[in-house]
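# Per-entry structural report
Here is how the chains run, residue by residue.
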Amino acid sequence: MNEGEMLYIDGDWEAGERYETLYSPYDQEELARIPLATKAQVKRAIESAHHATRTMKSLSAFERAELLSNVAAGFEKYDEQCAQILVKENAKPIKAARGEINRTIETYRFAAEEAKRIHGEMVPLDAAEGGKSRLGYTKHEPLGVIAAITPFNFPFNLTAHKLGPAFAAGNTVVLKPASQTPLSGLMTARIFEEAGLPKGALQVITGKGSELGDLLVKDDRVRMVTFTGSVSVGKAILEKAGLKKVTLELGSNSGVIVDTVEDLDAVVERCVEGAFTYAGQVCISVQRIFVQDRLYQPFLERLVEKTESLQIGDPAHENTDVSALISPGETERLQAWVNEAHEQGATIAFGGNKRGAVIEPTIITNADRTLSVNAGEAFGPVVTVTPYENFDQAIAGVNHSVYGLQAGVFTTEIAKAFKAADELEVGGVIINDIPTFRVDNMPYGGVKNSGTGKEGVKYSTEEMTEMKFVSFKL
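With that out of the way, let us pick up the side chain of T104. Position of T104 relative to the elements: it lies in helix 5 (residues 94-114). Judged by its relative accessible area of 0%, T104 falls in the buried class. Setting aside residues up to four positions removed in sequence, T104 forms contacts with F75, F156, N157 and A160.

Right, here's the structure in full:
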């Protein structure tokens, strides 16, 4: 039995009592038998992580930084093996898979640097009438056990955004990877093990979130839950977590405004990339494009032309741009959304068909804002294009959403850029680029149904500590 078919509990590889078969989303190839953790195993994982908190807290900043640097080196050592895992378990095209591993390495490097930057501040107590002859300062301490529940779409890098900051701050982690992408979580554990992580500091439990989630969220030994996934599950976690810290990165239907541009072809190329990379299965994928009236027709023509050139097929092929969605159920759902749009009078300007497990890159126009392709989160290769007359209409169009993660604005007018920065109801405004832009040291998180809290290594590390105040009477 190999590591891909075992749990990682208390620093050891452990068999499960029940298993389910993991299949490739693209061709349904059988990949592995994945253990379904029992309630007893989850409780032991939490207990082991709780027991290891003292060890992790005792590590110096230098030791934590060295550990995370070793992890980054481990991912460099196994970079192609990790990329091939992504190709198999979530049908990520190989060139996109290699990009994710590069970002994962960078994220752990950022975390290694951040481990050395955790500090408090002096508090001038003598500024208060009763504070004479007193010295005050703050310090940041690790929370303890953190439950990290990760999604399928970036299973290495989004896990890094949880584990890197957690260990930088001196915490321990129980990791629950997405059911479709457990192999990446188990590979991550292997790399941490080789890097010298103290025994018990990381647990990896695989299985169904519906069966294991409550055990993690409700246990009093878990001090924080960090979750990336659906709105419904995020809201349930928030209701059940009690007084724990909770960070939720949920979803979006990100909008981009194309107002005034110097190079329309370059803007079109970025919009195609943002809409269809990894088949649109990105929280900040371009889903709604609002184009100024005078640019609308040439923009749409070039968008269709550029989309036609995308290569669809096997994610293992070097030239593939778009491959399968994560599951047959998601493929059927998105096809139903496209059909609904067509039936309700929208125009399918390009694509709209299913090719086996793959949905063609799809461009829709004349779509009412109440349609699922506009109002919901497509999480697939579908984009709508809508013209507008004035800039206020474009901002209102983007804001007409229950989500608010990131938005992009292309404009050559500085006043409009600042107006957008002030008025767009999102967590991040990306000027002269698509909302899909993200680097791993920037703050990242949304408003409305897009979640609460901030990711980005520095900001996650702060969230994963607790401030303590100390006062001396001199």
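Below, the discussion takes up the state of the cysteines. Applying the stated rule across the entire model yields zero disulfides. The thiol of C271 is not disulfide-bonded; the next cysteine sulfur, from C283, is found 19 Å away.

Right, let's talk about the environment of A111 for a bit. Considering the arrangement of structural elements, one finds A111 in helix 5. In this structure the C-alpha to C-alpha distance between A111 and L31, which are 80 residues apart in sequence, comes to 32 Å. Once residues lying within four places of it in the same chain are set aside, the contact partners of A111 are L68, G164, P165, A168 and V457.

As a further point, take a nonpolar patch on the surface. Nonpolar side chains collect at one region of the surface, where M122, L135, F472 and L474 lie side by side and expose about 430 Å² of accessible area between them. Turning to its location among the elements, L474 is positioned in the segment after strand 24 (465-473). Exposure remark for L474: the relative accessible area of 72% places this residue in the exposed category.

Moving on: the nonpolar core. Core analysis: the largest hydrophobic core is formed by 54 residues, its most contacted members being Y108, F167, F192 and L202. Broken down by element, the residue count for this core peaks at eight residues, all from helix 5. Residues within four places of F167 in sequence aside, it is in contact with M56, R64, L68, T172, V173, F192, L197, A201 and L202. With 42 residues, the next largest nonpolar core counts V291, A324, W337 and A346 among its residues.

Neighbouring strands of a sheet are bound in pairs by backbone hydrogen bonds; such pairs are parallel or else antiparallel. Taken together, three strands build an open sheet; the order of strands is 5-6-24 and the sheet is antiparallel. Only two strands of the sheet have a single neighbouring strand rather than two, namely strand 5 (122-123) and strand 24. Taken together, the nine bridges between strand 6 (residues 134-142) and strand 24 define a ladder with antiparallel strand orientation. Among the inter-strand pairings, G136 is bridged to a residue of strand 24, identified as S471.

So, how was this worked out
- Residues numbered from 1 in each chain as written.
- Predicted model: local features only at pLDDT ≥ 70, side-chain atom pairs only at ≥ 80, totals over all residues.
- Heavy atoms only, no water.
- Helix = DSSP H or I, 4+ residues; strand = E, 2+ residues; numbered from the N terminus.
- Buried < 20%, exposed > 50% of the residue type's maximum accessible area, 1.4 Å probe, protein only.
- Contact = heavy atoms within 4.5 Å.
- Disulfide = S-S within 2.5 Å.
- Patch = residues over 30% accessible without salt bridge, like charges linked within 9 Å, V, L, I, M, F, W, Y side chains within 5 Å.
- Areas by Shrake-Rupley, 256 points an atom, 1.4 Å probe, with all protein chains shown as cover.
- Salt bridge = Lys/Arg side-chain N within 4 Å of Asp/Glu carboxyl O.
- Core = buried A, V, L, I, M, F, W, Y, C linked by side-chain atoms within 4.5 Å.
- Pairing = 2+ DSSP bridges.

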